[in-house]
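Close look at the chain arrangement
Residues per chain are reported as follows:
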Protein chains: 2
Amino acid sequence: LQDGTLPEAKRMLNALHPSEIANLLESFPPAQRKVLWELVDEEIDGEVLLQVNDEVRGGLIREMDERELLAATSGMDMDDLADFMQDLPRTLTGEILHSLDNQNRQRLEAVLAYPEDSAGGLMNTDTVTVRPDVSLDVVFRYLRMRGEMPELTDHLFVVSRFDHFLGVLRVSDLLTRDPAGRVEDLLITEAVVIPAEMSDRDVARMFEDRDLISAPVLDSRGRLIGRITIDDVVDVIRDEAEQSILSMAGLGEEEDLFAPVWSSTRRRAGWLGLNLVTALLAAYVIGLFEATIQEVVALAVLMPVVASMGGIAGTQTLALVIRALALGQIATRNTRALLLKELGIGLLNGLLWAAVLAGVALVWFGRPTIGVIIAAAMTINLGTAAASGVLVPLILKRFGIDPALAGGVILTTVTDIVGFTAFLGLATLFLL
Amino acid sequence: LQDGTLPEAKRMLNALHPSEIANLLESFPPAQRKVLWELVDEEIDGEVLLQVNDEVRGGLIREMDERELLAATSGMDMDDLADFMQDLPRTLTGEILHSLDNQNRQRLEAVLAYPEDSAGGLMNTDTVTVRPDVSLDVVFRYLRMRGEMPELTDHLFVVSRFDHFLGVLRVSDLLTRDPAGRVEDLLITEAVVIPAEMSDRDVARMFEDRDLISAPVLDSRGRLIGRITIDDVVDVIRDEAEQSILSMAGLGEEEDLFAPVWSSTRRRAGWLGLNLVTALLAAYVIGLFEATIQEVVALAVLMPVVASMGGIAGTQTLALVIRALALGQIATRNTRALLLKELGIGLLNGLLWAAVLAGVALVWFGRPTIGVIIAAAMTINLGTAAASGVLVPLILKRFGIDPALAGGVILTTVTDIVGFTAFLGLATLFLL
């Protein structure tokens, strides 16, 4: 890019799909990102802005004037526009509402009435509805008159005169059945419907399980207010997946790869500070055994091994349990069986590696008692790790805390403290 | 379940969607799972088997006789059948191939000719094709004669007489345009096409970026051989996400929540053994400074703090870089900028928490030199952590190793060794 001529770069850039441009923008540091953004054609500004992550979007929006922003919003779907408006300066939101026609304004307000992470916030309002008492031929005539179909239309929605949802008519039935037949004869009433209050994660799970393309969204009184399509659901699934990876490291989902150093430092400082507190807690535990360490320095050499093995074993259990919780596979009925199974694995692996470690310690320091003590401590700590790996996420979930976020910190704190206490405590009892 | 009567339980179970039954089966320990599986209606056995994870599926298949297995495969899509056959005993695969008609056998063989994790292995062969030179009315008559449409059909594929792919006809155009018009006038030639060799992850990325429902799969000579639909892609995305969470803990993607204790122990033992080696490496480093620790026991108390803070800070950078690598956002051109940014964050946070820790150490042990030494070691280690967080995954990727799997182990080994060396080394120089 730096070498090529500007018009050439501009041509190449705008030949890309908006999602590719978005990806490219995210991969440049802010200064170059700004230059690149200037080169993007104004007509696709809106589509690109919808594809970049929140933090990058905020930065790009700050580069744009009001006219450009207004232009970018034209043609957006109502669900996208609703999301987008939350990033815009307040003065502009009023102007955008004014620029919409009555129908679209009502639709936008319907979407804005629900939280962003609910079915209502995810839905679009571009539904194609038909009445049950007409023939397929009438439906065909209506569609041809209408001209365009919203993307991802695999069903038409059948509603009563008062917008009450009755069921769906499959587009494939429309295409393959006798056009003289009536809609009500092909009406599928047991179609999946989504209450507007459902969380976006539950919506994603339902789409995934039922292989849906689109599903109607109903308000609390059973009226059709919109539909959710698979493309928005795929974004939810991807976000959820990224979030759990990043949140295990204490990061937010929308972290920009090239966020300014200062704001990233502040954002990560809290997590490091929390971990400093837990590390000092472990240090305090070690401090209780200062006299023992003074006697037998070998203990200081070996003690991190016991703690770290506990952390690793516990993290394995934790990862398994976090996934099972996300899939809704853990309930009171199977917690006990799961705990027993993980304890079994922890103790077996504890005994195995305890034996190996005891051998190493014996050869290294030539004191059999140290070998026995470290083996016992290791077995205790791997058992504790297994129990914590099951119980910590369950308890966190009970208190409404995301286990992927806080689980790792709490687990390693437990295994550090138990590991140090068991090892140094046993040594104090049997070595001094 | 245990309390209710059996017929009642059976009725309730089979009222569930196959994906819900699959989820339920996964959440039961093997003995109860077996009982539950007996209760599932034979007609939905196949659908349920396709939804459970590989390990659970293997267990359920072992419970079934040949007749039940053959019955379960009838009616499966060819892509599902191709996956499923890999879990069946060899004797049955021949029988299944025999039971298919000629057309379906050819289709199945086409899918089996490609690796499971490629577009060819993911594709289905139930394409609806039309010729370019017919009118929409002819297409309608053909579809009505054909009767059923494959699920998720948003496009018909337009092919030449020799099966060469020409483009797509949108179903929505079919519905809204004049039926006297010809297919070639509505033909979209710039539709996304997928080469059969493309990896399933690239396919998923493309579906996600372009909001696709279905896309044609072409062989190397440009002939239409199948299509991929969004429901299979959603499974790929979900698997990929689960895999990266589990693989960071050294677990396989298909780990059964209730795998037998003995086989789980063996599977996890390798990971723990690897971590024991790295922990012993860190212990060896500490051992080099035994004499120093003997002099100043406070060092043993504080040294895990330096190492653990390095591990946490490095993991934050690592998570960010692994995500960016997955999104294809890191290239030679921006590595240097990323490294400088992360180093900046690491050093700033290093200085901040070094100051806090120095204060704590001073108050705790009353020796200013220890405070200064731990602050210096912490800053060095957080800088190292930042550099490793960027470089370790990049190097692993260069060597074709999954950074999510091995990144964490290598990173914490580096931060442990650097942390202990810096802290104890500086102490040896300045305290003795």
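Comments concerning the overall build of chain A
Each helix and strand in chain A was counted, giving 21 helices and six strands. Taking 2.2 N^0.38 as the reference for a compact globule, 432 residues should give roughly 22 Å; the C-alpha atoms of chain A span a radius of gyration of 30 Å, well beyond that estimate. Counting only C-alpha atoms, chain A reaches 95 × 60 × 35 Å along its principal axes. Per-residue burial for chain A yields a buried fraction of 55% across its 432 residues. Separation between the mean location of the 35 positive side-chain charges and that of the 60 negative ones in chain A comes to 5 Å.

Focus on the interface of chain B and chain A
On the chain A side, the residues contacting the 114 residues of chain B number 114 residues. Interface area for chain B against chain A, summed over the two sides, is near 10400 Å², with a carbon-plus-sulfur share of 66%. For the chain B face of the interface with chain A, the top three residues by lost area are B:Leu175, B:Arg238 and B:Gln316, together amounting to 8%. Between A:Arg268 and B:Glu342 there is a salt bridge, and its shortest N-O distance comes to 2.8 Å. At the surface where chain B touches chain A, the tally comes to 26 residue pairs in polar contact (both at pLDDT 80 or more). Among the residues making up the side of chain B that touches chain A, the classes are represented as 65 nonpolar, 24 polar and 25 charged.

Side note on helix α14 (residues 200–210) of chain B
Turning to α14(B), its buried residues number three or more, namely B:Asp200, B:Val203, B:Ala204, B:Arg205, B:Phe207 and B:Glu208. Trailing α14(B) by a residue or two, B:Asp211 shows a phi angle of about 55°, which is positive.

Comments concerning the side chain of B:Glu342
Its place among the elements puts B:Glu342 in helix α19 (residues 332–365). With relative accessibility at 1%, the residue B:Glu342 sits in the buried group. Here A:Arg268 takes part through its side chain, which lies 2.8 Å from a polar atom of the side chain of B:Glu342. Those residues in contact with B:Glu342, other than ones at most four positions away along the chain, are A:Arg268, B:Thr317, B:Leu320, B:Ala386 and B:Val390.

Brief notes about the relation of the copies chain B and chain A
Rotating chain B by 180° and translating it 0.0 Å along the rotation axis places it on chain A, where the RMSD comes to 0.2 Å. Such a combination of turn and shift is consistent with a two-fold rotation axis. The share of interface residues of chain B whose copies in chain A are also at the interface is 100%, consistent with both copies meeting through the same surface.

Notes on the pattern of salt bridges
Residues and elements named next belong to chain A. Evaluation of the coordinates by the stated rule reveals 33 salt bridges over all chains. The partner of Asp126 in a salt bridge is Arg227, with the nearest N and O atoms 3.5 Å apart. In this pair, Asp126 is assigned in the loop between α10 (119–122) and β1 (129–130) and Arg227 in strand β6 (residues 224–229), connecting sequence segments 101 residues apart. A single salt-bridge network, built from bridges that share partners, covers Asp54, Arg57 and Asp87.

Description of the nonpolar core
By size, the foremost hydrophobic cluster in this structure holds 106 residues, and its most contacted members are A:Ile228 and B:Ile228. The residues contacting B:Ile228, other than those within four sequence positions of it, are B:Ala119, B:Leu122, B:Met123, B:Ile194, B:Val203, B:Phe207, B:Ile213, B:Ser214, B:Ala215, B:Val217 and B:Val233. Counting residues in each nonpolar core, the second largest holds 89 residues, with A:Val296, A:Met378, A:Ala422 and B:Phe365 among its members.

Some words on the sheet that holds strand β2 (residues 155–159) of chain A
Residue and element names in this part refer to chain A. Reading across from one edge, β1-β2-β3 is the order of the three strands in this open sheet, with mixed pairing throughout. Edge positions in the open sheet fall to β1 and β3 (165–170), since each of these has one partner strand only. When β1 meets β2, the two strands line up parallel, connected through two bridges. Bridge pairing links Thr129 to Phe157 in β2.

Brief notes about unusual backbone geometry
The phi torsion at A:Asp211 lies on the positive side, around 50°, for a residue other than glycine. If you trace the backbone, A:Asp211 turns up in the loop between α14 (200–210) and β5 (214–218).

Observations concerning the packing of helix α2 (residues 18–26) of chain A against helix α3 (residues 30–39) of chain A
All names here are of chain A. At a minimum axis distance of 9 Å, the contact between α2 and α3 shows a crossing angle of 155°. Comparing the axis directions of α2 and α3 gives the class roughly antiparallel. Here α2 contributes Leu24, Leu25 and Glu26 to the contact with α3, which in turn contributes Arg33, Leu36 and Trp37. A per-class count over the contact of α2 with α3 returns four nonpolar, no polar and two charged.

A word on the side chain of B:Ser388
Residues and elements named next belong to chain B. Along the chain, the position of Ser388 falls in helix α20 (residues 368–398). Within polar-contact distance, the side chain of Ser388 engages the backbone oxygen of Thr384 at 2.7 Å. Leave out the neighbours within four places in its chain, and Ser388 touches Pro393, Leu411 and Val414.

A short note on the packing of aromatic side chains
Taken as a whole and judged by the stated rule, the model has five aromatic pairs over all chains. Aromatic side chains A:Phe140 and B:Phe140 sit 5.5 Å apart centroid to centroid with 80° between the ring planes, which places their arrangement in the edge-to-face category. Separated into two different chains, A:Phe140 in helix α11 (residues 136–146) and B:Phe140 in helix α11 (residues 136–146) make up a pair that spans both. For A:Phe140, a relative accessible area of 3% translates into the label buried. Here the aromatic rings of B:Phe157 and B:Phe165 are separated by 6.2 Å at their centres, their planes lie at 65°, and the arrangement is edge-to-face. The exposure class assigned to B:Phe157 is buried, which follows from its relative accessible area of 1%.

Thoughts on the packing of helix α18 (residues 298–326) of chain A against helix α19 (residues 332–365) of chain A
All names here are of chain A. Relative orientation of the contacting elements α18 and α19 amounts to 155°, with a least axis distance of 11 Å. If you check the angle between α18 and α19, you find them roughly antiparallel. Our pair here, α18 against α19, has a crossing hand that is right-handed. In this structure, α18 contributes Ala298, Val301, Leu302, Val305, Met309, Thr317, Leu320 and Val321 to the contact, and α19 contributes Leu338, Lys341, Glu342, Trp353, Leu357, Ala361, Trp364 and Phe365. Residue composition of the contact of α18 with α19, grouped by class: 13 nonpolar, one polar and two charged.

Details of the domain arrangement of chain A
Partitioning chain A into structural domains gives domain 1 (6–114), domain 2 (129–247) and domain 3 (261–431). Taking the mean C-alpha position of each, domain 1 of chain A and domain 2 of chain A sit 27 Å from one another.

A short note on the environment of A:Leu50
All names here are of chain A. Tracing the backbone through its elements, the reader meets Leu50 in helix α4 (residues 45–51). With 94 residues separating them in the primary sequence, Leu50 and Arg144 have C-alpha atoms 31 Å apart. Beyond its immediate chain neighbours, meaning those up to four positions away, Leu50 contacts Arg57, Met76, Asp80 and Phe84.

Cut-off values and rules
Residues numbered from 1 in each chain as written. Chains lettered and ligands numbered in written order. Predicted model: local features only at pLDDT ≥ 70, side-chain atom pairs only at ≥ 80, totals over all residues. Heavy atoms only, no water. Helix = DSSP H or I, 4+ residues; strand = E, 2+ residues; numbered from the N terminus. Rg over C-alpha atoms; globule rule 2.2 N^0.38 Å. Buried < 20%, exposed > 50% of the residue type's maximum accessible area, 1.4 Å probe, protein only. Lys, Arg positive; Asp, Glu negative; His and termini not counted. Charge placed at Lys NZ, Arg CZ, Asp CG, Glu CD. Contact = heavy atoms within 4.5 Å. Buried area = accessible area lost by both parts, 1.4 Å probe. Salt bridge = Lys/Arg side-chain N within 4 Å of Asp/Glu carboxyl O. Polar contact = N/O pair within 3.5 Å; in protein donor to acceptor, adjacent residues only side chain to side chain. Nonpolar A, V, L, I, M, F, W, Y, C, P; charged D, E, K, R; others polar. Least-squares fit on C-alpha atoms with pLDDT ≥ 70 in both. Core = buried A, V, L, I, M, F, W, Y, C linked by side-chain atoms within 4.5 Å. Pairing = 2+ DSSP bridges. Axes fitted to C-alpha atoms, helices over the stretch in contact; angles between N-to-C directions. Parallel < 35°, antiparallel > 145°, perpendicular 65-115°, else oblique. Phe/Tyr/Trp six-rings, centres within 6.5 Å; stacked < 30°, edge-to-face > 60°. Left-handed = near helix turned anticlockwise from the far one by under 90°. Domains from an automatic or database assignment.

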